[in-house]
Amino acid sequence: MRKEIRLSGYGGQGLILAGIILAEAAMRDGYEVVQSQSYGPEARGGASRAEVIISDEPIDYPKVTSPDVLLLMSDQACKRFAGSACEGGTVIVDSGLVTSVPETPGIVHEFPITDMAVEATGRSISANVVALGVLNTVAGLVSPESLKKAVSARVPRGTGEINLAALGAGIAASEAAGVG
Amino acid sequence: MRKEIRLSGYGGQGLILAGIILAEAAMRDGYEVVQSQSYGPEARGGASRAEVIISDEPIDYPKVTSPDVLLLMSDQACKRFAGSACEGGTVIVDSGLVTSVPETPGIVHEFPITDMAVEATGRSISANVVALGVLNTVAGLVSPESLKKAVSARVPRGTGEINLAALGAGIAASEAAGVG
Amino acid sequence: MAVPVDNYLRNQFMPHMWCPGCGHGIVLGAVLRAIGRLDLPKDEVCIVSGIGCASRAPGYLDFNTVHTTHGRALAFATGIKLARPDLHVIVLTGDGDASAIGGNHLIHAARRNMGITTVMFNNSIYGMTNGQYSPMTPKGRYASTAPYGNVERNFDMCELVKAAGGNYVARATTAHARQLSNYVEHAIQTQGFAFVEAVTQCPTYFGRRNKMGTPVDMIEWFRKNSVNAAAAAKLGPEELDGKIVVGEFYRGDAPEYTQVYEEVIKRAKEAAAR
Amino acid sequence: MAVPVDNYLRNQFMPHMWCPGCGHGIVLGAVLRAIGRLDLPKDEVCIVSGIGCASRAPGYLDFNTVHTTHGRALAFATGIKLARPDLHVIVLTGDGDASAIGGNHLIHAARRNMGITTVMFNNSIYGMTNGQYSPMTPKGRYASTAPYGNVERNFDMCELVKAAGGNYVARATTAHARQLSNYVEHAIQTQGFAFVEAVTQCPTYFGRRNKMGTPVDMIEWFRKNSVNAAAAAKLGPEELDGKIVVGEFYRGDAPEYTQVYEEVIKRAKEAAAR
Amino acid sequence: MPGRKGRDLRLLQGNECCAEAAILAGCTFFAGYPITPSTEIAEILSEKLPQVGGHFIQMEDEIASIAAVIGASLTGAKSMTATSGPGFSLKQENIGFASFTEIPCVIVNVQRTGPSTGLPTAPAQADLMQARWGTHGDHPIVALYPSTVPEVFDLTVKAFNISERLRVPVILLMDEVVGHMREKVEIPHVSDIEIINRPRPDVPPEKYLPYAAGPDGVPPMAPFGTGYRWHVTGLYHDETGFPTTAAPNADRQMKRLYAKIESAAEEITFTSEESLDDAEIVVVACGITARSARRGVRLARERGIKAGMLQLKTIWPFPYGIIGDIAGRVEKIIVAEMNMGQLIGEVERAACGKCEVVGYSRVDGEPIAPAEIVAKIEEV
Amino acid sequence: MPGRKGRDLRLLQGNECCAEAAILAGCTFFAGYPITPSTEIAEILSEKLPQVGGHFIQMEDEIASIAAVIGASLTGAKSMTATSGPGFSLKQENIGFASFTEIPCVIVNVQRTGPSTGLPTAPAQADLMQARWGTHGDHPIVALYPSTVPEVFDLTVKAFNISERLRVPVILLMDEVVGHMREKVEIPHVSDIEIINRPRPDVPPEKYLPYAAGPDGVPPMAPFGTGYRWHVTGLYHDETGFPTTAAPNADRQMKRLYAKIESAAEEITFTSEESLDDAEIVVVACGITARSARRGVRLARERGIKAGMLQLKTIWPFPYGIIGDIAGRVEKIIVAEMNMGQLIGEVERAACGKCEVVGYSRVDGEPIAPAEIVAKIEEV
Amino acid sequence: MTSAASPEVPVLVRHEWCKGCGICIAMCPKKVLEAAPDGKATVARPEDCIKCETCEIMCPDFAIRVVGGRSKGVAEGKGDVAGARA
Amino acid sequence: MTSAASPEVPVLVRHEWCKGCGICIAMCPKKVLEAAPDGKATVARPEDCIKCETCEIMCPDFAIRVVGGRSKGVAEGKGDVAGARA
Ligand SMILES: Cc1ncc(C[n+]2csc(CCOP(=O)(O)OP(=O)(O)O)c2C)c(N)n1
Ligand SMILES: Cc1ncc(C[n+]2csc(CCOP(=O)(O)OP(=O)(O)O)c2C)c(N)n1
Ligand code: SF4
Ligand code: SF4
Ligand code: SF4
Ligand code: SF4
Ligand code: SF4
Ligand code: SF4
Ligand SMILES: [Mg+2]
Ligand SMILES: [Mg+2]
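Residues numbered from 1 in each chain as written. Chains lettered and ligands numbered in written order. Predicted model: local features only at pLDDT ≥ 70, side-chain atom pairs only at ≥ 80, totals over all residues. Heavy atoms only, no water.

Draft legend 1. Examining the overall build of chain A more closely. Helix and strand counts for chain A come out as 6 helices and 6 strands. Along chain A, helices and strands appear, N-terminal first, in the series β-α-β-β-β-α-β-β-α-α-α-α. Rg of the C-alpha trace for chain A: 15 Å, near the compact-globule value of 16 Å for 180 residues, within the 12% margin. By principal-axis analysis of the C-alpha atoms, chain A measures approximately 40 × 35 × 35 Å. Considering chain A as a whole, with its 180 residues, one finds that 57% of them fall into the buried category. (Helix = DSSP H or I, 4+ residues; strand = E, 2+ residues; numbered from the N terminus. Rg over C-alpha atoms; globule rule 2.2 N^0.38 Å. Buried < 20%, exposed > 50% of the residue type's maximum accessible area, 1.4 Å probe, protein only.)

Set out below in structure tokens:
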């Protein structure tokens, strides 16, 4: 098993942290894992991206080429990465931010992620963790317990509660949507 | 024919200039020539040295190993280089400056070179050119005409006369001594 | 005839790569307006920079432009100016570029009084590398390499350049964009080395780390915490602590380097002719 | 208890390599007498130099000594001081070493206020490489790379170090060997960065090229052309032209770097314990 | 944060891991100047070093950084700096000084695509030769090259140990990709980490000859300020440490410096291999490329090709012997690297015509993928 | 001072000759920082350049010197700097910049015994590999290496010509001995000296693509301030000169840089040989060592040994082909060099096992004498 | 290419260049400008504009041009931003 | 090892270290010192010495030691050389 996950949006959405949390959850589940992210000009202004590879054997090639799971949290991210999803892969879109989803080989699931975050925690900044909840529920990557532990371990001090709420909101919404 | 000449004394005696003049004279005579000199700490305080190789074929190895002609103008120079002369080579010593000549495989010719310079030109600084006159007369390296031209071309502006006088004094003295 | 700013931009590369609200664009605008008022022919302007966010400026400008190595802009510019004294050579540099790795070239260009205008975009941080402290980061401020607060004092770059021998020295902030532009204009008009420190906001790193709010908040902060030179002269060190002194601090009239070197050429040619 | 100078020499390497009449030995004597009066334990003194005639000093001194790379003495010294704040770190450097290639490290050491005493042996020339002009060669003087007279102005290094943030700044010449020694003593006692410029004679290159006569003549020249700081304050720039201003110019009390860093360690340990 | 089974499992970025490993290896001093993609090492150490009573300083440039590191090392502190291409170029003069004066220190170069400013956030493996030859004059150097984050841990510790043991600057070459990616690392308990400290004199100060080496060629080193007053110079020096221009000494000194590395070559040469035994085609690679090479070789085996791979974790001293042996028993060696061909020169030299050596290069800022390796294996 | 037969025969020091040749080659700009044993070049140019209306400046260090040289070259001035080991190390970052941005310039390195401060007035040939690999990242470079003062003249002129022709920094490696010795040189009349100038655009400014190269891989270069406003950057850039991070461009750009040198390799490879035709043992050497090798080979021939020699005047690009050919027809190659073995690595690579390659090194600051060469020839 | 199509609009905002930093909006002494839903500047009260050029000078993105401004894009003058707002 | 063997000589010159620069000779306020034929310093008029230590402080070669000087080789005090000579 090798799962490639790409989280993309714009700088400031916290997607790199989301990638780290997901990777750490996978590690807690005993998987091999590699997490990486975009640097360079695209990290400033343009599309930002975090990538995670989860595998049950050592990961040789650490780059994501055609993600099994793709999170798209901006129009620019869509433009750049929608086509990169693997055939039949899971594509999660923040429907509140993305105005139109370009063609993609994956199967699109739309959630108003940022709006959900505002609703659940009052802060749009926790959209990254909401997204994690959604994404993991839809794609079934790691155990919910590990994900929770990883969230607690990695979010900034004092934001644990809020972020667990965000995670819960994401999980609940996707379960409710019947895609979990 | 390959002749190795080493001029040695202390910094400030102008022996590097003397080496250049000798080399230039040899060049004017149509010889191949290499001139080099000491750098490094020994140039400051310790024994200074200039070397000339004159040859009628291209000079491959440009270092002097056992000089055919050796000029010694200080005790330190004697100590360091007297032994380096080749068997039967010409060794010219400034008898006014050198207190004792160590053993040498060469044949020693003593001249009070610096005193001669003061006598001939009133200036000890022209001892280097006096030495050239002596050395060339004794060892017969280059034509006197070329030597004169080289002196005129290389000594500082306005010192031509004095230096030609010095050269003449050196030539005369060695001729008088019957070693020319 | 004044030339509008747009005329100096390589529009095809806009929008530029600077973050939203980054003050570098305001400083660059001030520079371009100064060039426009002086109506310098584009072909006679050479812009040189080092490496950093600020140093990306030349790529957007329709002059002879060089984006060199980190800290070395003034050394490259010195070669350009000496080989072509008729060019207007302007160095656009960051605080790290100019005061850290490039500090030596700065003081030597000032000492030689090279006819170069230097505008230092001082955002008190290494922006390009994501927010480490620079020699212009005030003591106590936070940065990614100063997690416990910066223990180093910042240079007073204007004092330093003056002490090194520069002929023109001034400072303004993005809250003083008009003066800033005037200072740059005066700097370009200076014969000899001219230095303008432009205090500017990096909301992304300096602002965020130090909880300074939005770009607008940062500009407001500059405005509130600035004192002009005349007023500053009447204040004591405690009162000036944490304040930004703005103004034109020095104008000298030492001869410019390349002009002096023309003398050398004259003398040398005479000597050679003899 | 004062310790005599001889005790600090590595006698086996004497006589030293400096030319007859070279002022470097006088400056070094002044430094050693200061150390002797302060009675610093040899094991607690670390002497650091760069490259040049002046920088050969440490080889002759019976302390912890490092002869580093050209211009970098202060950067090496910064590492030594920060890792061992209890050592007395003294940098002996030439004008080329400190003001040319090493200029940046000098201003940054001053800005950081590193607890280092720097004595710059200023003979206005690159001695070791046979007499090229340095950033301390006065305008108009001759050097092997200034055959038509030097076109560059020299730094006022004391001003520069002060502007950069040093806590102690003084200048004397070999004609003022006693003051010089006192200044070095004060420098060593300074908490923070201390800088003493020792104007000294290079008879071999600077003297000879500029027809300044014997070493004695050069010392006399220094004496005649020196003005003390108090007197200088009353003179105009023309009157001061070509003069050497000697004296103690500045004493500051900014906290020393390694002491401030101790605070960081304290805070960090607290943070880690939390 | 212990993981399952009580092990200290951590998800660490390569750069972060390097910083953690440095501290566990005993590093107490870091001086640096920020540069992508190495900066995280400095950032993390600025936070962690003072926590253990160590010192962090951001210097005015890279030249000053390596100088401060050497200075600190003179006082006995295990010292490190980290940089990338442009900074590595600037450090070269003082790396030569450290090599020649035998002051231990570790220099991390997280490589990016050069030359010049290049592509600051893209990976390349083009500073391999510079790591060996970047400074002027003959000089000994050691360079290690991890390909995974756990290897970063291991080789960072080894870098300090080798540096201390042999009194030589050790360069840790890293790929941008490795520096910036997070992987699972098991951090050993500090008591399980082998730590080597520089040899100290066992004679009293009056008897101390700072450059008199034992049979292993490594002279004992007394920290400054401990009663041993010695002299350090970048001039040729004899056993006393004082300069001499004597030709026989120069010869002796230089040859000892080379010999001390040579005689330890075996203990400091680290490689890792895959299916080498019966391989007919062997891929030689290092760093991130070695991962793809490993996968590529497995895929090739699946297709029935007798492929193998050799990962070089020690680049300098170069394992000529090991590669020469392999060259003698295989048909082809493929050297895969992210540059215009650097390692391949050394491999060709080592192979000495015993087998064909072909290169596979990529120089566009993208890592080489396993499929490319397979294709190359199939092609040759 | 015309010599006999109206020729301009002069007795010149190597460094002096380099300065004279530079001016005759069209050099109008020099920036440098003094360092033994190269300083005379600066000293002479400080006097002579203003005499021809050129500019000399002594910068604050070597980094600034090469930067100023590149800056001046941007305005169209043929520019040069001169240094020795420590300064050469410091210049590396900006040499990479010049190589990558294709700004012509000549860098003289009069080598001394390194590493670090080493033996500042003693010769060594230990910056050979640094000349190729001193800066980070892949980059093209050319390096020439004279062995006599007349060759200094010739190769200095060629250095400028190649630099202009290929828009590449050219390194002139010299031995301290050659830089400091005086020999007879015949200075050609200026009209007899072939001078090559950098390609200039033949299109109007609006059509100018500063990095669009013709078939020879060399793009035309417009001096700053002549109406062509273009952008120079050390980032990867496309034909327009503006930065791009696109991977295919990076690949294209780097490969063009290598190809432009490769395609000119023949015209820029200079060697000199002695009795190669029927030689069984060949000595390969450069610089001052080549002189002893030549004499040594003659002496060996006198003793009936079929010896020959190959002098490399172009070190980079390395003449692998020429040496490979020789290796194919001789029994042994002896590589004589004043270092711990640098050239020999390249020779071994070129020989590729076709003949035995043995080294003869001297690392004590003294040149290799002809007798040593003879002895080595006899020994192998 | 600008958000102002009608000729009487005194201030042009180059929408593709604007990054929505809000500086012009905050600095305009007459509150002429406002943020659009995407955060970028729009001219909300053109009639209030006094053509002081503060917005143009303060825009870090060269995204604002005051039509027929006094100084033709090379604004000079005394007084800092505070002055302009006062 | 010194040119002064008898105990009453107030100034010792280390002959092997002296380079004959003449500084001590010129600077001595009492003309105690003179140049020997080899240029090196000798104590010509020991009886005139006032032990001011100027010679010791001014010797660049550490070749002079004033016996029982006030400051035991760590001379301090006010006044420059001119002062000492006055
Ligand atoms: C030799 C070298 N060292 C370090 C770097 C990394 N670097 C790039 S930009 C920069 C600092 C930029 O700061 P500043 O000059 O203040 O400009 P800003 O980004 O803040 O505008 C650094 C350290 C480099 N490119 N080259
Ligand atoms: C990197 C480097 N550049 C240049 C040199 C050559 N060099 C040695 S000493 C020196 C100048 C010394 O001048 P200064 O510091 O004034 O000392 P002085 O010899 O005058 O006492 C120079 C340029 C060097 N050793 N290293
Ligand atoms: S990082 Fe800071 S300096 Fe750089 S563009 Fe962004 S705001 Fe401006
Ligand atoms: S060259 Fe000058 S500075 Fe150097 S030792 Fe001689 S006199 Fe002193
Ligand atoms: S010109 Fe002045 S009033 Fe008009 S919109 Fe701009 S800032 Fe406001
Ligand atoms: S200041 Fe410029 S970038 Fe910012 S909101 Fe206004 S128009 Fe847009
Ligand atoms: S101590 Fe004073 S008086 Fe005595 S010899 Fe020395 S200088 Fe002259
Ligand atoms: S000052 Fe010193 S070196 Fe000079 S003559 Fe006197 S004793 Fe000798
Ligand atoms: Mg900045
Ligand atoms: Mg000096």
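That shown, we press on.
Draft legend 2. Layout of the environment of H:Glu34. Residues and elements named next belong to chain H. Counting through the fold element by element, Glu34 comes out in strand S2 (residues 33-35). Between the alpha carbons of Glu34 and Gly22 there is a distance of 8.3 Å; along the sequence they are 12 residues apart. Not counting residues within four places of it along the chain, the set of residues in contact with Glu34 comprises Ile25, Lys40, Ala41, Thr42, Ala44 and Arg45. Within the structure, Glu34 has its side chain in polar contact with the side chain of Arg45 (distance 3.0 Å). (Contact = heavy atoms within 4.5 Å. Polar contact = N/O pair within 3.5 Å; in protein donor to acceptor, adjacent residues only side chain to side chain.)

Draft legend 3. Structural view of the coordination of the magnesium ion (ligand 10). Residue and element names in this part refer to chain D. At 2.0 to 2.1 Å from the magnesium ion (ligand 10) lie its protein donor atoms, namely Asp95 (OD), Asn123 (OD1) and Ile125 (O). Sequence spacing of the donor residues for the magnesium ion (ligand 10), all on one chain, is D-x27-N-x1-I. Accessibility expressed as a relative area gives 4% for Asn123, which makes it buried. (Donors = N, O, S within 2.8 Å, 3.2 Å for Na, K, Ca; no water.)

Draft legend 4. Spatial organisation of the sheet that holds strand S8 (residues 182-186) of chain F. Within the open sheet, the 8 strands sit side by side as S6(B)-S5(B)-S4(B)-S1(B)-S3(B)-S2(B)-S8(F)-S1(F). Their pairing is mixed. Every other strand in the sheet has two partners, leaving strand S6 (107-111) of chain B together with strand S1 (9-13) of chain F as the edge strands with one partner each. Pairwise comparison of adjacent strand axes, ignoring direction, gives a mean angle of 20 degrees for this sheet. Relative to S8(F), strand S2 (residues 32-37) of chain B runs antiparallel, the two sharing 2 bridges. Within S8(F), the residue paired with B:Val34 across the bridge is F:Glu183. Relative to the sheet, helix H1 (residues 15-28) of chain B contacts strand S1 (2-10), S2, strand S3 (47-55) and strand S4 (69-72) of chain B together with S1 and S8 of chain F, its axis offset from that of S3(B) by approximately 5 degrees. (Pairing = 2+ DSSP bridges. Axes fitted to C-alpha atoms, helices over the stretch in contact; angles between N-to-C directions.)

Draft legend 5. Inspection of the interface of chain E and chain F at higher detail. With 52 residues of chain E at the contact, the number on the chain F side is 52 residues. Carbon and sulfur atoms make up 65% of the surface buried where chain E meets chain F, a total of about 4600 Å² over both sides. Summed over the shared surface of chain E and chain F, the result is 2 salt bridges. Between F:Arg349 and E:Glu348 there is a salt bridge, and its shortest N-O distance comes to 2.5 Å. Breaking the side of chain E that touches chain F down by element, the ones donating at least two residues are helix H4 (85-101), helix H5 (128-133), helix H8 (247-263) and helix H12 (343-351) of chain E. (Buried area = accessible area lost by both parts, 1.4 Å probe. Salt bridge = Lys/Arg side-chain N within 4 Å of Asp/Glu carboxyl O.)

Draft legend 6. How the structure looks around the packing of H12(E) against helix H12 (residues 343-351) of chain F. With their axes 8 Å apart at the nearest point, H12(E) and H12(F) run at an angle of 70 degrees to one another. It follows from the interaxial angle that H12(E) and H12(F) lie roughly perpendicular. Crossing of H12(E) against H12(F): the hand is left-handed. When H12(E) is examined against H12(F), the residues E:Ile344, E:Gly345, E:Glu348 and E:Arg349 are found in contact with a partner set consisting of F:Ile344, F:Gly345, F:Glu348 and F:Arg349. (Parallel < 35°, antiparallel > 145°, perpendicular 65-115°, else oblique. Left-handed = near helix turned anticlockwise from the far one by under 90°.)

Draft legend 7. Inspection of H12(F) at higher detail. Residues and elements named next belong to chain F. With 7 of its 9 residues buried, H12 lies for the most part within the structure. Buried residues of H12: Leu343, Ile344, Gly345, Glu346, Val347, Ala350 and Ala351, and no others. One or two steps after H12, the chain reaches Cys352, where phi turns positive at roughly 50 degrees.

Draft legend 8. Structural detail: the site of ligand 8. In the vicinity of ligand 8, the contacting residues are H:Cys18, H:Lys19, H:Gly20, H:Cys21, H:Gly22, H:Cys24, H:Ala41, H:Cys59, H:Pro60, H:Asp61, H:Ala63 and H:Ile64. Taken together, the residues of the shell around ligand 8 sort by class into 8 nonpolar, 2 polar and 2 charged. (Near = heavy atom within 4 Å. Nonpolar A, V, L, I, M, F, W, Y, C, P; charged D, E, K, R; others polar.)

Draft legend 9. Region of the structure containing the sheet that holds strand S11 (residues 281-285) of chain F. Residue and element names in this part refer to chain F. Overall, mixed pairing links the 5 strands, which are arranged S10-S12-S11-S14-S15 in an open sheet. The sheet is open, and its two edges are formed by strand S10 (271-274) and strand S15 (356-361), each paired on a single side. Put simply, the sheet's adjacent strands are angled 20 degrees from each other on average, direction ignored. Direction of pairing for S10 relative to strand S12 (residues 307-312): antiparallel, over a ladder of 4 bridges. Across the sheet, the residue bridging to Ser272 is Gln311, located in S12.

Draft legend 10. Region of the structure containing the pattern of salt bridges. On inspection of all chains with the given rule, the structure shows 85 salt bridges over all chains. Ionic pairing is found between F:Glu60 and C:Arg112, a salt bridge with its closest N-O pair at 2.8 Å. Placement of the pair is F:Glu60 in the loop between strand S3 (55-58) and helix H3 (62-74) and C:Arg112 in helix H4 (residues 103-112), with the two residues belonging to separate chains. Take F:Glu60: its relative accessible area is 2%, and that puts it in the buried class. The closest approach of N and O atoms between H:Arg14 and D:Asp6, which form a salt bridge, is 2.6 Å. Of this pair, H:Arg14 sits in the loop between strand S1 (11-13) and helix H1 (23-27) while D:Asp6 sits in the segment before helix H1 (24-38), placing the two residues on different chains. The network of salt bridges with common partners includes A:Asp60, E:Glu274, E:Arg294, E:Arg295 and E:Arg298.

Draft legend 11. Representation of the environment of E:Glu331. Relative to the assigned elements, E:Glu331 resides in the loop between helix H11 (320-329) and strand S14 (332-337). When the C-alpha positions of E:Glu331 and E:Ser272 are compared, they lie 20 Å apart, and in sequence the two are 59 residues distant.

Draft legend 12. Highlighting the coordination of the magnesium ion (ligand 9). All names here are of chain C. The magnesium ion (ligand 9) binds to the protein through Asp95 (OD), Asn123 (OD1) and Ile125 (O), with metal-donor distances spanning 2.0 to 2.1 Å. The motif formed by the donor residues of the magnesium ion (ligand 9), counted along the single chain, is D-x27-N-x1-I. Of the two residues, Asp95 is situated in helix H3 (residues 95-101) and Ile125 in the loop between strand S4 (116-122) and helix H5 (157-164); the sequence distance between them amounts to 30 residues. By the burial criterion, Asp95 is buried, and Ile125 matches it.

Draft legend 13. Spotlight on the site of ligand 3. All names here are of chain C. The local shell around ligand 3 holds 12 residues, among which Cys19, Cys22, Cys53, Asn123 and Cys202 are the closest. Among the elements that line the shell around ligand 3, the one with the most residues is helix H7 (residues 203-209), at 3 residues. For the shell around ligand 3, a count of residues per class yields 7 nonpolar, 4 polar and 1 charged.

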